[in-house]
Structure formats: C-alpha cells, structure tokens
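Structure assessment
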Amino acid sequence: MLRFIVIGITDNPQPWFPPEVLEIIKEGKVFSGGKRHHEIIASLLPEDAEWIDITVPLDAVFEQYSHHSQRFSVGSIIVFASGDPLFFGFANTIKHKMPESEIVVYPTFNSLQMLAHRLLMPYHDMRIVSLTGRPWPEFDKALIEHAGKIGILTDKEHTPAAIAQRMLDYGYKGYTMHIGEHLGNPQQEKVSTLTLEEAAKREVPMPNCVILCGETAEHTRLFGIPDSGFSLLDGREKMITKMPIRLLTLQALDLPKKHVLWDIGFCTGSISIEARLQFPHLHIEAFEIRPECESIIHENARRFGAPGINVHIGDFLEATTPADSPTGIPDAVFIGGHGGKLKEIIAKVLTVLADDGCIVMNSVKAPLVKTDSHQLWDEACRELGLRQEPPMRIIIDEHHPIEILKCKR
C-alpha cells in the first residue's frame, strides 16, 4: 500500500519544522510538491532526493507516484503542500485519487488563518469559499445569503479585483475587503484593508487570499419580489409572472430538494431571479428566443443581487442544451413560453431530465386566446407518457384565471 506523508508549509523562505518532521525529510527518498514549494524546501532535501513536480494533468503525477513507490522499499512519498493539506489541499486529492493509500498529515496554518491572525480577527464564524480553480457559484451563494464574514481562496482569474467588481455589479456594497499577500514570507508579506471600490482597481500579486467583512443586519432578503421592481419587455406588464403566481410556481417546482433549474422562455427573468434569491444552492440555466431579453434579465439580476444565472439566447429547440456542463442535468424545469411548440419542447427536455425531475407551466385562461395552452399541455403529456398532478387554479384581482400545471415521468 502506497504511503504519503503530507507536510504543510507557508511562504517563508526559511521554513521551521519540528524535529520529527526534520527526521522524516532527512530519511526521505522521493519528494513532491509545486515548483514554489521546491524552491522553499530545496536546501533541506537529501542529496540523492528525487523530486516530482505537481503539475496538471494530475493523473500523470499519480502515475509517477506509483512508479517511484515500486522502486523503494520504504514506500513513502513525502509531499509538501501549502498550509493545511486537508483545507482545500492536496491531501484531499490524494484521498480521491488513491483512496486505499495511507496518509499522514503534518499541517501548518492555512492562508486564511494567517490573515485572520494578522488582523486579530476571530474566524470561528467565517464562511469559507475556494475560488482556486473553481467557478463562482459557492461565492455567489455566500453573497445571496449575506454571510457576514467570507474567507476566499483566490487564483489568477478570481482575483481580489474581480471579486470586488462582481460584488459591486450585483449591489453587495456593504463589505470591507482584507487582502493578504505572500503570507508567511517576512520579506514580501503584506496585508491591506480596502473598500470594494478601491479593491476593484488594485492589482494584487499572487499568492493572495481575501476576507470580506460586512454587516448582515443591513440586508433583508425579499420573499416575493414586487412586480413593479422589474424592468419589463417593452414596458408590457403582462409579460411577467406575477409575484403570487411566481411563488406558487417555485413551490410546485419543489426547489428545496432540487439542484438544477431550467427556465425556458424567461422573458424578464422573474422566475430565475426569484428562484436564485430564495434557493441560492440552485444552478440555474435560463433560455429565451428574443435577444432583447438578454439585457433585461441581466439588468434585473443586478438590480436584485442575483448573480450566477446562466443565460442562453436563441431557439431552445435548436440550441445545444448544457446538460453536460458542470451544473449537471436538470431536475426542475419551468416553461414560461413555448410559441405553440410545447410538445417539442417537453420532448427535448425529457432527453435530459433527471428521473425524479418535474416540469411546470402556467396556463392563462383568457377567452380571446385562440390556442389553449392547457389543451396543448394535456396532449403533450398524454403523447409523451407523462403523469400529471392536479392543477392549481389561481385568480389575482381582475386578471384572468391562471392554472399551475405540473407533470413527471
């Protein structure tokens, strides 16, 4: 069985280790880590040490591990990693890639801990988000939930400036940004405290990390966004799902238990935005055939602080659906518009819908409307073998009755 000894280090060019770890390094044969780690630790390695650089693709690195382990009777590979190797660190990668291997960890403080120490900031209540090689969703979720203290691991794309600009774009202005650079390196370490406006204009050298602090009491998440707050398509008030219907629609979609929502025919984006704010764990893909709606949904998403909605413009029936994307296959689908091609749209949805997924549509009972969308729905469900749930009929003020329709496989 392959054995890994994973040792955490900081950016200090003169690292300190306890005697036990120094002895492990002295007796070691095969070592591994990033190039920066090698530069820091090189003077402590034995003369005959072999070094394996950790670079992508990682499969090639682990092939080298297996090859080298067969050459040495000790069977241990000593890996140097930043901070705590179990804190979004390489020890987790080893557990995933080689679950049968033995792992021994000697951690040190991670970068966010060190930044909190420099700031004399208690960090037991800090929400942790890693943007290192990861997309925005977990950070967006922390913002929507108005986490009061957010610790962020950055990378070359998700820089402090990019983070600050995203927050400003979506109206999350009540935060202060603390930035730590080269933490642990006495010659290069720097800690800055900036407003978001200042941070958005600041280039910060790597490596760095961020802690955001804000007043959660300043924010109240709306439960039901007022219809008057949305920018509309050509100012047409009828082109929006009314707030009470919107909330009942989200209930029908059973979103607390779902993971991926598709909003087909989003128009103003009211369903997507309401869902994003009420259920920030969701991945949302929004589709619309009218190109003029793209700017409307982005404007509304920024107005209400709903980042992370993926927008697709074009005919849904001709589009390549994002079912193979990192967000995964949909398990909740809302059809807000169908252009008379409801059966075709549902048929396409069924090619990717999760086994436990559901489809919801709102049907308006308007006497002058030639095409009865409820009838189209019934025909589609019958021909495609779908099981319908009892419809919910709602009347708001003087508006026409609306039926909330739902089906499953």
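Residues numbered from 1 in each chain as written. Predicted model: local features only at pLDDT ≥ 70, side-chain atom pairs only at ≥ 80, totals over all residues. Heavy atoms only, no water.

Description of the packing of aromatic side chains
Counted by the stated rule, this structure contains 11 aromatic pairs. Between the aromatic rings of F230 and F304, the centroid separation amounts to 4.9 Å while the plane-to-plane angle is 50°, which identifies the pairing as tilted. Note that F230 is positioned in the loop between strand 10 (208-214) and helix 9 (243-253) and F304 in helix 11 (residues 293-304), a separation of 74 residues in sequence. Each member of the pair, F230 as well as F304, carries the same accessibility label: buried. Relative to F316, the ring of W262 lies with its centre 6.2 Å away and its plane at 75°, an arrangement referred to as edge-to-face. Taken together, the positions of W262 in strand 11 (residues 260-264) and F316 in the loop between strand 13 (309-313) and strand 14 (332-335) put the pair 54 residues apart, joining distant regions of the chain. Given a relative accessible area of 0%, W262 falls into the buried group. Aromatic ring contacts, followed pair by pair, group F4, F62, Y65 and F90 into a single cluster. Here K348 stacks its cationic end above the ring of F316, 5.1 Å away from the centre of that ring. (Phe/Tyr/Trp six-rings, centres within 6.5 Å; stacked < 30°, edge-to-face > 60°. Helix = DSSP H or I, 4+ residues; strand = E, 2+ residues; numbered from the N terminus. Buried < 20%, exposed > 50% of the residue type's maximum accessible area, 1.4 Å probe, protein only. Lys NZ or Arg CZ within 6 Å of the ring centre and 35° of its normal.)

Considerations on the sheet that holds strand 13
Sheet strands line up and pair through hydrogen bonds in the backbone, either parallel or antiparallel. Taken together, the seven strands give an open sheet; going across it, the order is 13-12-11-14-15-17-16, and neighbouring strands pair in mixed fashion. Only two strands of the sheet have a single partner each, and these edge strands are strand 13 and strand 16 (387-394). Ignoring strand direction, the axes of neighbouring strands in this sheet form an average angle of 15°. In this sheet, strand 17 (residues 402-408) lies alongside strand 16 in antiparallel orientation, the contact comprising six bridges. From the neighbouring strand, I394 faces strand 17, where its bridge partner is I402. (Pairing = 2+ DSSP bridges. Axes fitted to C-alpha atoms, helices over the stretch in contact; angles between N-to-C directions.)

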